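Chain residues, written in single-letter form:
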Amino acid sequence: MRIGITGASGMLGDALLSQLSKSYEVFATSRNIGSEGKNINWDCYDLTNLDSLKAWLNKNKLDVVIHCAAIVDVDFCEENFDLSKALHVDTTQVISKHMQSSSGKLIYISTDSVFDGKKLGTYNESEITNPLNIYAKTKLQGEKIALSIDNSLVL
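The model shown is predicted, which means the values in this text are computed figures rather than measured ones. Position numbers for residues count from 1 along each chain, tracking the sequence in the order it is written. Where local features are concerned, this predicted model is filtered to residues with pLDDT of at least 70; where side-chain atom pairs are given and counted, the filter is 80 or more; whole-chain, interface and lining totals use all residues. In computing side-chain values, all of the structure's heavy atoms are included and hydrogens and water are not.

What am I meant to see in the nonpolar core here?
For soluble globular proteins, the rule of thumb is that nonpolar side chains tend to be buried together. In this structure, Leu53, Trp56, Leu57, Val65, Ile95 and Leu106 are the most contacted members of the largest nonpolar core, which totals 21 residues. Secondary structure is summarised from DSSP: a helix means a run of H or I of at least four residues, a strand means a run of E of at least two, and numbering begins at the N terminus for each. Elements that contribute at least two residues to this core include exactly α2 (50-60), α4 (81-101), β5 (105-108) and α5 (134-147). Among the elements that make up this core, the one with the highest residue count is α4 (four residues). What we call a nonpolar core is a set of buried Ala, Val, Leu, Ile, Met, Phe, Trp, Tyr and Cys residues that are connected through their side-chain atoms within 4.5 Å. A 1.4 Å probe rolled over the protein chains alone gives each residue an accessible area, and that area as a share of the maximum for its type sets the label: buried under 20%, exposed over 50%, partly exposed in between. By size, the runner-up hydrophobic cluster in this structure holds 13 residues, among which are Ala8, Leu20, Trp42 and Ile109.

Printed below as a string of structure tokens:
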């Protein structure tokens, strides 16, 4: 199995890279190289360069993409809507279309921030979303795109 991980030098991406590369060939992308090792293949570029993203997807013929890349700085997202949208929404659109056409699987990493936090207790996936900031709003848009294709999962 060939697994792609976006945002592979981040905390979650690095943890996935470490575990998955023990059993699978992993194709990692991020702006900067992260952990290296057996079965790990790196391509570093700006993910919002959609031509580079398409080339990475086409070149690596992935069975699964785990889309971890995100701008998690909420204040930065508020000040940089276009970049937040480009990373959370536009890249997800490109990855989703590619995985749909290649019969691959997409795992989209979202956030609990799609909920407003006003409910007492825990939320579940059937709850009504109410994102309160640009970060959460763009991540929710990414969720909807990911779920619009076959063989996708949002975490």
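Just checking my understanding: could you explain the packing of aromatic side chains for this structure?
The geometry of an aromatic ring pair is captured by the separation of the ring centres together with the interplanar angle, meaning the angle of the planes. Stacked, tilted and edge-to-face are the three classes applied to pairs of Phe, Tyr and Trp rings, where Trp contributes its six-membered ring and a pair requires centres within 6.5 Å; stacked means planes under 30 degrees apart, edge-to-face means over 60, and tilted covers the rest. Inspection of every chain in the model, using the stated rule, returns one aromatic pair. Here the aromatic rings of phenylalanine 115 and tyrosine 123 are separated by 4.4 Å at their centres, their planes lie at 15°, and the arrangement is stacked. The ring of tyrosine 123 carries the charged tip of lysine 119 above its face, separated from the ring centre by 5.5 Å. Geometrically, a lysine NZ or arginine CZ counts as sitting over a ring once it is within 6 Å of the ring centre and also within 35 degrees of the ring normal.

What should I look at first to understand the packing of α2 against α4 in this one?
A pair of packed helices can be characterised by two numbers: the angle between their axes and the separation between those axes. Lines fitted to C-alpha atoms define the axes here, with helix axes fitted over just the stretch in contact, and angles between the N-to-C directions of these axes take values from 0 to 180 degrees. Closest axis-to-axis distance for the α2/α4 pair is 10 Å, and the angle between their directions is 30°. Taken together, α2 and α4 sit at an angle that is classed as roughly parallel. Like other packed secondary-structure pairs, α2 and α4 cross with a definite hand, here right-handed. On the side of α2, the interface is formed by Leu50, Leu53, Lys54, Leu57 and Asn58, while α4 contributes Asp90, Thr91, Val94, Ile95 and His98. Residues are sorted three ways: Asp, Glu, Lys and Arg are charged, Ala, Val, Leu, Ile, Met, Phe, Trp, Tyr, Cys and Pro are nonpolar, and all the rest, Gly among them, are polar. Classifying every residue of the contact of α2 with α4 gives five nonpolar, three polar and two charged. The cut-offs work like this: below 35 degrees is roughly parallel, past 145 is roughly antiparallel, 65 to 115 is roughly perpendicular, and the gaps in between are oblique. Working rule for handedness: look at the near helix, and if it is turned counterclockwise from the far one by less than a right angle, call the crossing left-handed; if clockwise, right-handed. Here, residues are in contact when the closest pair of their heavy atoms is within 4.5 Å.

Looking at this model, I keep getting lost on unusual backbone geometry. Mind explaining?
Peptide bonds are mostly trans, and most non-glycine residues show a negative phi. Backbone geometry at lysine 61 places phi at a positive 45°, although glycine is not the residue there. Checked against the element boundaries, lysine 61 lands in the loop between α2 and β4 (64-67). Assessed through its relative accessible area of 60%, lysine 61 is described here as exposed. Unusually for a residue other than glycine, asparagine 151 sits at a positive phi of about 60°. Within the secondary structure, asparagine 151 sits in the loop between α5 and β6 (152-154).

For this particular structure, what's the right way to read a negative patch on the surface?
Together, Asp73, Asp75, Glu78 and Glu79 give the surface a local cluster of negative charge. Of note, glutamate 78 is situated in helix α3 (residues 74-79). Under the relative-accessibility criterion, glutamate 78 is labelled partly exposed at 40%. Exposure above 30% relative accessible area and the absence of a salt bridge qualify a residue for a patch, where like charges join within 9 Å and nonpolar side chains (Val, Leu, Ile, Met, Phe, Trp, Tyr) within 5 Å. Note that accessible areas follow from Shrake-Rupley with a 1.4 Å probe, and for residues the cover is restricted to the protein chains shown. We define a salt bridge as a contact between a side-chain nitrogen of Lys or Arg and a carboxyl oxygen of Asp or Glu at a distance within 4 Å. Working convention for charge: Lys and Arg count positive, Asp and Glu count negative, and His plus the chain ends are omitted. In plain terms, the charge of a residue is placed at NZ if it is Lys, CZ if Arg, CG if Asp and CD if Glu.

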